[in-house]
Amino acid sequence: MSTNPTIPLSYSPAIQCLLPLIYVAWSDRVLSPTEVKALQKQAANLSFLSPLDKNILQKWSNPLRPPSAELFKYWEILLRKEAQDEMHDHRSSLVDLGLQMAIKAAGQASDTSINWSDHSIRQELEALENALQQISWNTYRSLFPNTELEEIAERQKTDFDLEEMLQLLGGQYLAVKRKTKQLLQDPVFNYKTLPNKEDYREQVLAWTKLLAEQGFGALSYPEPYGGIGDIAAYAALFDTLGHHDLSLAIKFGVQFGLFGGSVLGLGTKKHHDKYLKKIGMMELAGCFAMTETGHGSNVRGLETTAEYEHSTRSLIIHTPSKNAGKEYIGNALHGRMASVFAQLIVEGENHGVHAILVPMRNEAHELLPGITVEDCGYKLGLNGVDNGRIWFDQVRVPVENLLNRFGDIDEEGQYQSPIQSASRRFFTMLGTLVGGRVCVPRAGLSATKSALTIAIRYALRRRQFGANITEPETILLDYPSHQRRLMPLLAKTYALHFGLEYLTQRFSQHEGEDMREIETLAAGLKAYSTWFTTATIQECREACGGKGYLAENRFAALKADTEIFTTFEGDNTVLMQLVAKGVLTSFKNQFHEEGTWGLLRFLGGRIGTAITELNPIIIRNTDPQHLLSDDFQLSAFRYRESNLLYSLSQRMRSMIKSGQSAYQAALHCQQHMIELAEAFVERIVLEQFVEALDSEKGKSTYPALQQLCQLYALHTMEQHSGWYLEKEYISGAKSKAIRRLVDELCLKTRHQAQSLVAAFDIPDTLLGAQIIR
């Protein structure tokens with residue numbers, strides 16, 4: 001039976017002084033004999049209690065009549081409010097809280113009858129606190145929510161050295177990343193809410209110039225032009241910018257990566273000497289004018305023309321229709337020059353798409369004759385980037401402005417190229433620009449890391465619901481459903497980190513002959529990773545409830561600014577079809593190069609799979625040791641890719657044999673192609689995660705990374721469980737066993753979650769979310 005007295009509007013200072021101790025004594029809904037004795041005898045003899053106070057205390061210390069749930073909840077609300085408003089020292093005790101409440105109540109009532117600062121009163125209260133049973137840490141923590149202590153407690157659950165994980169994730173360019181983060185924490189880079197796009201653009205322009213002054217803009221350029229000639233260092237810098245305002249990252253990428261990169265990659269020494277240093281110092285702002293309104297992903301079909309006129313040794317740049325205008329061009333409003341991609345026509349013959357440097361504005365920033373620029377206006381996100389549309393009306397530039405590394409016009413007005421095949425020349429030219437597809441998913445993954453860090457740290461401090469009204473509410477991340485929402489995303493983020501590091505390494509160290517393979521890899525990882533970024537930020541936003549919807553908690557900006565990542569630097573769906581074509585071409589070339597031996601090796605592999613993986617024992621094996629082994633996981637991923645590849649090649653071959661063109665066959669098999677591309681990327685990512693894991697054997701990071709790798713692999717298999725069941729690669733029982741293991745791995749990962757996101761090393765200043773401060 002519970003007492004249910006009317007909840008008073010206020011208690012006396014003396015009762016308020018005791019309330020924290022009374023609350024804790026009743027927190028388990030039971031008063032032990034020791035607690036009864038302490039409250040009824042020791043507390044009753046306290047020198048500062050009035051007869052009325054003693055009467056109230058006597059009622060509250062009756063073990064047969066606990067306070068009602070409503071009264072107990074009122075106490076909790078009162079105590080938590082006071083603790084949050086008044087107690088700022090994480091060493092605060094229940095006695096400190098009680099005395100603070102008494103002092104405040106006495107001041108409000110102008111009651112000076114008792115000196116609550118008297119040391120003897122503190123001694124009496126501390127003696128009573130010691131007489132009570134041991135205080136529950138959960139109960140104490142529910143009264144004194146202290147984020148510093150909460151996070152320390154979470155990190156103590158971790159079994160790896162945080163610095164070792166930081167070194168692994170930072171890799172060779174950890175120093176570059178740390179320097180960039182240090183710079184971005186300078187007050188001049190503080191986030192600003194600038195609803196007017198012109199003000200926002202000016203702010204981002206100023207930030208970009210500050211980065212250029214630090215030498216960051218020229219990082220990938222050769223030493224004579226202010227850099228260190230290291231594209232991987234530039235990529236590390238760029239993905240670090242992804243933790244800050246993404247308008248800055250994209251503006252930076254347009255200026256130094258796309259515009260400067262086109263001059264570096266497609267131009268020759270004369271262009272480098274004349275422009276690169278100015279571009280790297282932001283003295284010459286420029287843009288990368290490739291995309292057209294009517295032709296985005298189809299670069300080969302661009303309509304802008306650059307027609308050579310021999311009498312004046314000039315190129316005439318022209319936009320033949322409104323739909324041929326350059327669209328969504330970054331730096332269009334601030335830029336003074338553009339790398340314009342156009343069909344190069346010499347003596348009436350079209351030699352395909354080439355890049356030409358076209359001045360747009362004079363020193364006074366006035367548009368030059370024949371050039372029209374229109375502001376794209378407000379966008380879903382990235383409103384700090386000055387995107388615009390550009391049209392050219394018979395704009396004449398000297399032939400020296402042709403970026404002539406792969407194609408030139410000689411003194412006699414004849415077109416010359418070291419690459420005779422127009423198709424090969426086109427793909428070689430595009431290959432030099434693949435850096436954008438390497439860097440964009442890295443910045444997207446940085447935004448993903450920011451979103452996960454905010455969502456997981458919030459989930460480790462936010463409480464909701466409990467077993468009953470008298471117990472502390474449950475931390476969000478202790479709910480299995482919340483673990484299921486966030487932990488697989490955390491694992492996949494780590495997996496993609498290693499996948500993108502591998503791509504960057506391949507690109508920065510590439511040799512000519514493997515460039516097509518790198519282009520396929522870049523297209524696949526760009527598409528797969530940026531789709532993941534979009535989905536993860538949305539899930540993190542939802543996981544933070546209404547708080548996630550507030551602009552002050554960053555999700556609005558992260559979500560809006562990364563949306564475009566799925567369609568710029570190539571539409572993801574189109575890119576995945578390019579990946580599938582690349583994989584098919586590689587498959588076809590394998591047989592052409594190796595002949596009968598290649599065919600026999602492939603058939604032998606399929607027979608080997610049938611024996612080792614598709615036998616009834618393996619199909620039904622639900623042993624955790626088997627399911628958690630990377631041998632099983634890698635075999636499953638490789639089987640899915642090879643099966644999709646073989647069945648797709650057979651389908652297309654059959655269609656072409658029946659009289660359809662290769663183009664028509666590809667149209668009929670588009671979804672099949674996208675699934676193959678997805679399987680290809682997932683296999684690459686798992687292989688790179690396993691390789692990174694092997695490098696950590698014997699280190700403290702190994703167990704945590706192994707759990708993440710297992711979670712990535714099994715969760716991915718779970719997502720494709722329908723396919724695996726359809727192919728009879730696993731049984732129904734095995735599918736259920738995988739699901740159970742995913743649940744277990746989510747729980748294990750939850751216990752390391754705080755440190756796993758801490759290893760992303762994102763300063764709170766850059767996270768910029770109020771809910772985790």
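Draft legend 1. Main features of the overall build of the protein. A tally of helices and strands in the protein yields 31 helices and 11 strands. Each of the three principal axes of the protein carries a C-alpha extent, and together these read 110 × 75 × 45 Å. The contacts of the protein with a sequence gap of at least 6 include a subset with a gap of at least 24, amounting to 75%. For the protein, the exposed area adds up to about 33500 Å²; of that, 52% sits on carbon and sulfur atoms. When the 79 positive and 89 negative side-chain charges of the protein are each reduced to one mean point, those points stand 3 Å apart.

Draft legend 2. Structural detail: the pattern of salt bridges. Scanning all chains against the criterion turns up 36 salt bridges. The shortest N-O distance in the salt bridge between Arg178 and Asp761 comes to 3.8 Å. Placement of the pair is Arg178 in helix H10 (residues 174-184) and Asp761 in the loop between helix H30 (753-758) and helix H31 (764-767), with a sequence separation of 583 residues. According to the relative accessible area criterion, Arg178 is partly exposed, its value standing at 34%. Taking relative accessible area as the criterion, Asp761 reaches 25% and is therefore assigned partly exposed. A salt bridge links Asp375 to Lys197; the nearest nitrogen and oxygen atoms lie 3.8 Å apart. One end of the pair, Asp375, is in strand S7 (residues 371-375); the other, Lys197, is in helix H11 (residues 197-213), with 178 residues separating them in the sequence. Among the residues examined, Asp375 registers a relative accessible area of 26% and is labelled partly exposed. In this structure Lys197 comes out as buried when scored by relative accessible area, which is 11%. When salt bridges that share partners are traced, they join Glu163, Arg178, Lys181 and Asp761 into one network.

Draft legend 3. The packing of aromatic side chains, seen in detail. Summed over the entire model, instances satisfying the criterion amount to 20 aromatic pairs. Put simply, the rings of Tyr11, Tyr23, Trp60, Phe72, Tyr74 and Trp75 pair up and form one aromatic cluster. Cation over ring: Arg640 sits above Trp723, and NZ or CZ is 5.2 Å from the ring centre.

Draft legend 4. Molecular detail of the nonpolar core. Met165, Phe341, Ile456 and Tyr494 are the most contacted members of the largest nonpolar core, which totals 175 residues. Among the elements that make up this core, the one with the highest residue count is helix H26 (residues 670-695) (14 residues). With 40 residues, the next largest nonpolar core counts Ile15, Leu78, Ala106 and Trp116 among its residues.

Draft legend 5. Spatial organisation of the packing of helix H17 (residues 480-508) against helix H29 (residues 732-750). The interhelical angle for the contact between H17 and H29, taken along N-to-C directions, is 80°, at an axis separation of 9 Å. Classified by the interaxial angle, the pair formed by H17 and H29 is roughly perpendicular. Of the residues in H29, those touching H17 at Gln483, Arg484, Met487, Pro488 and Leu490 are Arg739, Val742, Asp743, Cys746, Leu747, Thr749 and Arg750. Each residue belonging to the contact of H17 with H29 can be placed in one class, and the counts come to 6 nonpolar, 2 polar and 4 charged.

Draft legend 6. Structural view of empty space enclosed by the protein. Tallied over the full model, the rule gives 2 cavities of 30 Å³ or more. The calculated volume of the largest cavity comes to roughly 210 Å³. The wall of the largest cavity is formed by 19 residues, among which Leu169, Lys177, Asp239, Lys449 and His497 lie closest to the centre. At the level of elements, helix H9 (162-170), H10, helix H12 (231-241), helix H16 (435-459) and H17 are the ones that each hand at least two residues to the lining of the largest cavity. For the lining of the largest cavity, the element with the highest residue contribution is H16, accounting for 4 residues. Here the lining of the largest cavity is built from residues that sort into 7 nonpolar, 5 polar and 7 charged.

Draft legend 7. Representation of the environment of Val574 in the model. When you line up the elements, Val574 lands in helix H21 (residues 572-612). Judged by relative accessible area, Val574 falls into the partly exposed class, the value being 34%. In this structure, the C-alpha to C-alpha distance between Val574 and Gly698, residues 124 residues apart in sequence, is 43 Å.

Draft legend 8. Up close: the sheet that holds strand S4 (residues 326-329). Pairing within the open sheet is antiparallel, and its 3 strands lie in the order S4-S8-S7. Looking along the sheet, the strands with just one partner apiece sit at the ends: S4 and S7. Across the sheet, the mean angle from the axis of one strand to that of its neighbour is 25°, orientation sign disregarded. In terms of strand pairing, S4 meets strand S8 (residues 388-392) through 2 bridges, oriented antiparallel. From the neighbouring strand, Ile329 faces S8, where its bridge partner is Gly388.

Draft legend 9. Representation of helix H20 (residues 555-562). All buried positions along H20 are accounted for by Phe555, Leu558, Ala560, Asp561 and Thr562. Taken together, the buried residues of H20 touch helix H13 (246-266), H16, helix H18 (515-543) and helix H19 (545-549).

Draft legend 10. Quick peek at unusual backbone geometry. Positioned with a positive phi, Met282 is a non-glycine residue whose angle comes to about 65°. Along the chain, the position of Met282 falls in the loop between helix H14 (269-280) and strand S1 (286-289). Note on Met282: relative accessible area 8%, which makes it buried. Despite not being glycine, Glu728 shows a phi value in the positive range, around 60°.

Conventions we followed
Residues numbered from 1 in each chain as written. Predicted model: local features only at pLDDT ≥ 70, side-chain atom pairs only at ≥ 80, totals over all residues. Heavy atoms only, no water. Helix = DSSP H or I, 4+ residues; strand = E, 2+ residues; numbered from the N terminus. Contact = heavy atoms within 4.5 Å. Areas by Shrake-Rupley, 256 points an atom, 1.4 Å probe, with all protein chains shown as cover. Lys, Arg positive; Asp, Glu negative; His and termini not counted. Charge placed at Lys NZ, Arg CZ, Asp CG, Glu CD. Salt bridge = Lys/Arg side-chain N within 4 Å of Asp/Glu carboxyl O. Buried < 20%, exposed > 50% of the residue type's maximum accessible area, 1.4 Å probe, protein only. Phe/Tyr/Trp six-rings, centres within 6.5 Å; stacked < 30°, edge-to-face > 60°. Lys NZ or Arg CZ within 6 Å of the ring centre and 35° of its normal. Core = buried A, V, L, I, M, F, W, Y, C linked by side-chain atoms within 4.5 Å. Axes fitted to C-alpha atoms, helices over the stretch in contact; angles between N-to-C directions. Parallel < 35°, antiparallel > 145°, perpendicular 65-115°, else oblique. Nonpolar A, V, L, I, M, F, W, Y, C, P; charged D, E, K, R; others polar. 1 Å grid on protein atoms, 1.4 Å probe; cavity = no way out; pocket = protein on both sides within 12 Å on 5 of 7 lines; lining within 4 Å. Points joined across faces, edges and corners; volume = space filled by probe spheres on them. Pairing = 2+ DSSP bridges.

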